[in-house]
Amino acid sequence: MQTTLGHLAVWMPQQRWYSPTGRSPRLRILDERELTTGDPDAAVQVLIVADGDDEDAIVYQVPLVTRPADVTEPWTIAVHEGRALIDGPHDHAFASALLAELGRSDLDGPSQVLVGEQSNTSIIYRPRDAAPTICKVFRRLHPGINPDIELQSALAAAGSRHVPPVVGHLDGRWTMAPGGGSERGSLAFAQEFLPHVDDAWRVALAAAAVNTDFTAEAASLGQVTAAVHRDLARLFPTPRADGVARRAISAAWRRRRAIAAVEVPALAAHAAAIDRIYAAAEASSWPALQRVHGDYHLGQVLHSPTRGWMLLDFEGEPMRPIAERRAPDLALRDIAGMLRSFDYVAGSLRLQRAPQQHDGAVDEAADAWARSARTAFLDGYSDTGGATAQILLNALELDKAVYEAIYEARHRPAWLAIPLSAIERLLAD
């Protein structure tokens, strides 16, 4: 097993779901489990691995398949003593065993990994006699039920038409320290997959690229968002936003602003102005708190010709601590996220053009498209009973833009201008 850990220590930092620690990985096995497979050439196991020496170590799920070395593929981790060590989700032996663990062998069929994900790995199954299924394999693990499972399952069970039907989920256990208590957390979540359906980001970007009016679609999305918020408020507790809750939420705003001031030097000069907006919002009237999507943007919504808008991925922002993501929050956080997403449509169109192709009129058309979509979305949300409070919404949109600035500075510096422009605009309003 030490040999396997050595290979993983080289491979894991190259994966998009790995969280850099600023040091070499220090991996240890918290749990290992063999899965049954009908493939005689394969052995399937799931490792739960900690990166770190203490109880604050980051915990990962690493499914593995071993096969004869002559079948190496791009997703092969290493070859040792004539056997290839393979990243499990890319191998059908693991994909099939996972369905068996979920009790859904009836859905077995050709499988493929969805490309482009970051914090998780999703496997798409296309059974012959059933609807396609997508199973999300959580890579970074936390104790307790994942909010994606918790919220989508509750909404689906309540009859919501705005989330895909749930297929099932899988939990696991691990122990952080010898002699300590075991922890239970979510390993995988399966739901119906909607093939040949674009997400709202692609739909909106295509419309904005040719300056097609998007107000009807944005208003409809606002209405669906309000309906999902109403269902979440009905299905989960809605505590009063007392002083303790307000201080906790506003402290998170200021924590992100402090991080941004260090990692994004252009924001340091705006720290005092940002804090004034946060203070005004904290002192304003707050509605009751409730469970929310937590990372709401156009990429988290699908548009089905027969079912309309459908919401996905209720995990919350990956950079936020898991306790914050599970806590009741302001529903306006989701509204702020979607407003920022419309702004990103316009910003991305500007970035797609080479500098010599800069056209002020085209840029203004993209900005006007985003403004009209934002207004229509807010109108649709309010017309369906969703409440908006401008002071709070401004603070939450500003907080989201600060979060984006940190993300872009770390991962996509060329995109940093989009949140920086939004921050300047929000401070000037």
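Note: the structure precedes this text.
Since the structure is predicted, the reported quantities are computational estimates derived from the model, not experimental observations.

Calculation rules
- Residues numbered from 1 in each chain as written.
- Predicted model: local features only at pLDDT ≥ 70, side-chain atom pairs only at ≥ 80, totals over all residues.
- Heavy atoms only, no water.
- Helix = DSSP H or I, 4+ residues; strand = E, 2+ residues; numbered from the N terminus.
- Rg over C-alpha atoms; globule rule 2.2 N^0.38 Å.
- Buried < 20%, exposed > 50% of the residue type's maximum accessible area, 1.4 Å probe, protein only.
- Polar contact = N/O pair within 3.5 Å; in protein donor to acceptor, adjacent residues only side chain to side chain.
- Salt bridge = Lys/Arg side-chain N within 4 Å of Asp/Glu carboxyl O.
- Core = buried A, V, L, I, M, F, W, Y, C linked by side-chain atoms within 4.5 Å.
- Contact = heavy atoms within 4.5 Å.
- Pairing = 2+ DSSP bridges.
- 1 Å grid on protein atoms, 1.4 Å probe; cavity = no way out; pocket = protein on both sides within 12 Å on 5 of 7 lines; lining within 4 Å.
- Points joined across faces, edges and corners; volume = space filled by probe spheres on them.
- Phe/Tyr/Trp six-rings, centres within 6.5 Å; stacked < 30°, edge-to-face > 60°.
- Lys NZ or Arg CZ within 6 Å of the ring centre and 35° of its normal.
- Axes fitted to C-alpha atoms, helices over the stretch in contact; angles between N-to-C directions.
- Parallel < 35°, antiparallel > 145°, perpendicular 65-115°, else oblique.
- Left-handed = near helix turned anticlockwise from the far one by under 90°.
- Nonpolar A, V, L, I, M, F, W, Y, C, P; charged D, E, K, R; others polar.

What follows is about the overall build of the protein. When helices and strands are tallied, the protein shows twelve helices and 13 strands. Taking 429 residues into account, the globule formula puts the C-alpha radius of gyration at 22 Å, and the protein, at 23 Å, falls close to it. With the C-alpha coordinates aligned to their principal axes, the bounding extent of the protein is approximately 65 × 55 × 50 Å. Out of the 429 residues belonging to the protein, those deemed buried represent 50%.

Glancing now at helix 2 (residues 92-101). Residue pairs three or four apart in sequence face the same way in an α-helix, which turns once every 3.6 residues. Every buried residue of helix 2 is accounted for by Ala93, Phe94, Ala95, Ala97, Leu98 and Leu99. By the N-cap criterion, in which a side-chain oxygen at the helix start approaches the backbone nitrogen of a residue two or three places on, helix 2 is capped by aspartate 91, the distance to alanine 93 being 2.8 Å. Residue glycine 103 follows helix 2 closely and has a positive phi angle near 75°.

Moving on, we get to the pattern of salt bridges. A complete count under the given rule lists 33 salt bridges for this structure. Put simply, arginine 23 and aspartate 51 hold a salt bridge, and the shortest N to O gap is 3.1 Å. With a gap of 28 residues between them, arginine 23 in the loop between helix 1 (2-11) and strand 1 (27-35) and aspartate 51 in strand 2 (residues 43-51) connect regions that are remote in the sequence. Under the relative-accessibility criterion, arginine 23 is labelled partly exposed at 30%. Judged by its relative accessible area of 1%, aspartate 51 is buried. One salt bridge in this structure joins aspartate 39 and arginine 67, with 2.5 Å as the shortest N-O distance. With aspartate 39 in the loop between strand 1 and strand 2 and arginine 67 in strand 3 (residues 58-68), this pair connects stretches of sequence that are 28 residues apart. Using a relative accessible area of 22% as the deciding quantity, one classes aspartate 39 as partly exposed. A relative accessible area of 14% means that arginine 67 is categorised as buried.

Trp253, Phe342, Trp369 and Phe377 are the most contacted members of the largest nonpolar core, which has 69 residues in total. Setting aside its immediate chain neighbours within four residues, tryptophan 369 contacts Ala204, Ala207, Ala208, Asn211, Thr212, Phe214, Phe342 and Val345. Of all hydrophobic cores here, the second largest spans 34 residues; its members include Ala57, Ala93, Val137 and Leu170.

Along strand 2, eight of the nine residues are buried, which leaves the element largely enclosed by surrounding structure. As paired elements, strand 1 and strand 2 share eight bridges and run antiparallel to each other. What sits directly across from leucine 27, in strand 2, is aspartate 51. Sheet topology places strand 2 next to strand 3; nine bridges connect them, and they run antiparallel. Residue pairing for strand 3: valine 49 is matched across the bridge by tyrosine 60. With antiparallel pairing between neighbouring strands as the criterion, strand 2 and strand 3 make up a hairpin whose turn holds six residues, including glycine 52 at a positive phi of roughly 140°.

Moving on, we come to the layout of surface pockets. Roughly 390 Å³ of volume is contained in the second largest pocket. Taken together, 21 residues line the second largest pocket, and the ones lying closest to its centre are Asp87, His90, Val113, Leu114 and Thr121.

Using the criterion set out here, one finds ten aromatic pairs in the structure. By way of ring pairs, the aromatic residues Trp11, Trp17, Tyr18 and Tyr60 are connected into one cluster. Geometry around phenylalanine 236 places arginine 291 over its ring, the cationic atom sitting 5.4 Å from the centre. Lying over the aromatic face of tryptophan 415, arginine 412 brings its terminal NZ or CZ to 4.1 Å of the ring centre.

Turning our eyes to something else, we now look at unusual backbone geometry. Its identity as a non-glycine residue notwithstanding, glutamate 81 has a phi of 50°, on the positive side. Along the chain, glutamate 81 falls in the loop between strand 4 (76-80) and strand 5 (83-87). Of note in the backbone geometry, asparagine 211 takes a positive phi value of approximately 55° without being a glycine. Relative to the helices and strands, asparagine 211 is located in the loop between helix 4 (200-209) and helix 5 (215-235).

With their axes 9 Å apart at the nearest point, helix 9 (residues 332-352) and helix 12 (residues 417-428) run at an angle of 125° to one another. Considering the angle they form, helix 9 stands oblique to helix 12. Of the two elements, helix 9 crosses helix 12, and the hand of that crossing is right-handed. Packed against helix 9, whose contacting residues are Arg340, Asp343, Tyr344, Gly347, Ser348 and Leu351, the element helix 12 presents Ile418, Pro419, Ala422 and Arg425 at the interface.

Glancing now at the packing of helix 5 against helix 9. Here helix 5 crosses helix 9 at 160°, and the two axes come no closer than 11 Å. As judged from the angle between their axes, helix 5 and helix 9 are roughly antiparallel. Crossing angle aside, the handedness with which helix 5 passes helix 9 is right-handed. Facing helix 5, whose interface residues are Ala218, Leu221, Thr225 and His229, helix 9 presents Asp334, Ile335, Met338 and Phe342. Looking at side-chain class alone, the contact of helix 5 with helix 9 contains five nonpolar, two polar and one charged residues.

Relative to the helices and strands, histidine 92 resides in helix 2. As a C-alpha pair, histidine 92 and threonine 36 span 56 residues in sequence and 12 Å in three-dimensional space. At 2.8 Å, the side chain of histidine 92 and the side chain of serine 111 are in polar contact.

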